Amino acid sequence: MRNEWPEVIGIGSTVYDTLMVVPAYPTEDTKMEGIETKVQGGGPCATALVAARKLGVSAAYLGTIGDDPFGKFMMDDLEHWGVDTQDVRRIPDSVSFHAVVLLNQETKSRTCVWSRGTVPQPTVDDINEEVVRHARVLHLDGHMLEAAIATAKKCNELGVKVSHDAGGTYPGVENLMPYVDWLIPSEEFALKMTGAATAEEAAQQLYDTYHPELVVLTQGVRGGILLDEKGMRRYESYKVEVKDSNGCGDTFHGAFVAAKIHGLDNDAACKYASAAAAVKCTRLGARYAMATDAECRVFLKERGVEL
């Protein structure tokens, strides 16, 4: 039995990650000793839910997962961070999504090799409508599209906000876009989706075509673009000493959702999310390195930033 209904629910990818820090990217057909290894949960949607949870927002993951060791680890990890998994359907005799991530210690770049596994995507029947009805935000990442689109439509009817981490131009993702309230695309996604020449033009096209409440276009260390009913303006990133950028974008998305649930306006939510992403970059790992609400606010206060 639930003690409370989750404020943010997510449908999308969850991944078993083996993160290994290496001195440089290895040459083909050679051996190399790694510097440090972490086994962790990953995936844009699931990791954003953990970020929101660490920032004080209750969260639940919905969908399907294998009953293999990868799947068991991912469910245990989500539960460790306080993300509700009661409505996840475990699929017997299937392999869960998994990946190996190499982090180059010298350049701080990451290289990911992944396998989708054999887990079937959830259907509409796998989604608990009562959980959707009580949520404040549905967070999506473009995966599990059939269930995502159907649930986003239901959210529109119920007045539940729909947030979309638009990181990949997956087949059919354009069918999801009309139901999104908070559209948070990467610059790469926006340019590819629209064919625009600049990020500003791409943000405007997405806003005019799909009519979300807002577009927050992310540009990594350059900050990004916020476009809403007040018009277009930039938001800034914060300069830090980077140890590990893996999971930084997912942290931004989860933090933006948390900020909105906390009642911040769009500009303040971008500052808050940028702070959360910056703090994460200073520490190794995705979920372990994520900031708390108090850490975000101290980080911003030290830089003279008001929310």
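Conventions and cut-offs
- Residues numbered from 1 in each chain as written.
- Predicted model: local features only at pLDDT ≥ 70, side-chain atom pairs only at ≥ 80, totals over all residues.
- Heavy atoms only, no water.
- Helix = DSSP H or I, 4+ residues; strand = E, 2+ residues; numbered from the N terminus.
- Rg over C-alpha atoms; globule rule 2.2 N^0.38 Å.
- Buried < 20%, exposed > 50% of the residue type's maximum accessible area, 1.4 Å probe, protein only.
- Contact = heavy atoms within 4.5 Å.
- Lys, Arg positive; Asp, Glu negative; His and termini not counted.
- Charge placed at Lys NZ, Arg CZ, Asp CG, Glu CD.
- Expected span 1.5 Å × (residues − 1).
- Axes fitted to C-alpha atoms, helices over the stretch in contact; angles between N-to-C directions.
- Parallel < 35°, antiparallel > 145°, perpendicular 65-115°, else oblique.
- Left-handed = near helix turned anticlockwise from the far one by under 90°.
- Nonpolar A, V, L, I, M, F, W, Y, C, P; charged D, E, K, R; others polar.
- Phe/Tyr/Trp six-rings, centres within 6.5 Å; stacked < 30°, edge-to-face > 60°.
- Polar contact = N/O pair within 3.5 Å; in protein donor to acceptor, adjacent residues only side chain to side chain.

Visitor: I would appreciate a short explanation of the overall build of the chain in the present structure.
Guide: The number of helices and strands found in the chain is nine helices and 13 strands. A compact globule built from 307 residues would reach a C-alpha radius of gyration of about 19 Å, and the chain, at 18 Å, matches this within 12%. Taken along its principal axes, the extent of the C-alpha atoms in the chain is 55 × 45 × 40 Å. Burial status across the chain gives 53% buried among its 307 residues. By sequence separation, contacts in the chain at least 24 residues apart represent 64% of the contacts at least 6 residues apart. Of note, the chain has its 31 positive side-chain charges centred 4 Å away from the centre of its 44 negative side-chain charges.

Visitor: Whenever I open this one, unusual backbone geometry confuses me. Can you help?
Guide: Glycine aside, residues mostly have negative phi, and peptide bonds are mostly found in the trans state. Unlike most non-glycine residues, aspartate 93 shows phi in positive territory, near 55 degrees. On the basis of relative accessibility, which here comes to 78%, the residue aspartate 93 falls in the exposed class.

Visitor: For this particular structure, what's the right way to read helix H7 (residues 248-261)?
Guide: Note on helix geometry: an α-helix contains 3.6 residues per turn, so any two residues three or four positions apart are oriented the same way. The end-to-end C-alpha distance of H7, which contains 14 residues, comes to 20 Å, matching closely the 20 Å that a straight helix rising 1.5 Å per residue would cover. Every buried residue of H7 is accounted for by Asp250, Thr251, Phe252, His253, Gly254, Ala255, Phe256, Val257, Ala258, Ala259, Lys260 and Ile261. Glycine 263 lies just past H7 and shows a positive phi near 95 degrees.

Visitor: Help me understand the packing of helix H1 (residues 44-54) against H7 in this model?
Guide: Angle between the axes and distance between the axes are the two parameters that describe a pair of packed helices. Interaxial distance between H1 and H7 falls to 7 Å at its minimum, and their mutual angle equals 50 degrees. The angle between H1 and H7 places the two elements in the oblique class. Taken as a pair, H1 and H7 cross one another with a handedness that is right-handed. In this structure, H1 contributes Pro44, Thr47, Ala48, Ala51 and Ala52 to the contact, and H7 contributes Asp250, Thr251, His253, Gly254, Ala255 and Ala258. Residue composition of the contact of H1 with H7, grouped by class: six nonpolar, four polar and one charged.

Visitor: Would you mind going over the packing of aromatic side chains with me for this structure?
Guide: Applying the stated criterion across every chain yields a total of seven aromatic pairs. Judged by centre distance (5.4 Å) and plane angle (25 degrees), the ring pair of phenylalanine 97 and tryptophan 114 falls under stacked. One end of the pair, phenylalanine 97, is in the loop between strand S5 (88-91) and strand S6 (98-104); the other, tryptophan 114, is in strand S7 (residues 110-115), and 17 residues separate them in sequence. For phenylalanine 97, a relative accessible area of 16% translates into the label buried. Among the residues examined, tryptophan 114 registers a relative accessible area of 48% and is labelled partly exposed.

Visitor: Would you mind showing me how to read the side chain of asparagine 266 here?
Guide: In this fold, asparagine 266 is placed in helix H8 (residues 266-281). For asparagine 266, a relative accessible area of 11% puts it in the buried group. In terms of polar contacts, asparagine 266 uses its side chain to reach the side chain of aspartate 228, at 2.8 Å. Here asparagine 266 is in contact with Leu214, Leu226, Asp228, Phe256 and Lys260, once residues within four sequence places are set aside.

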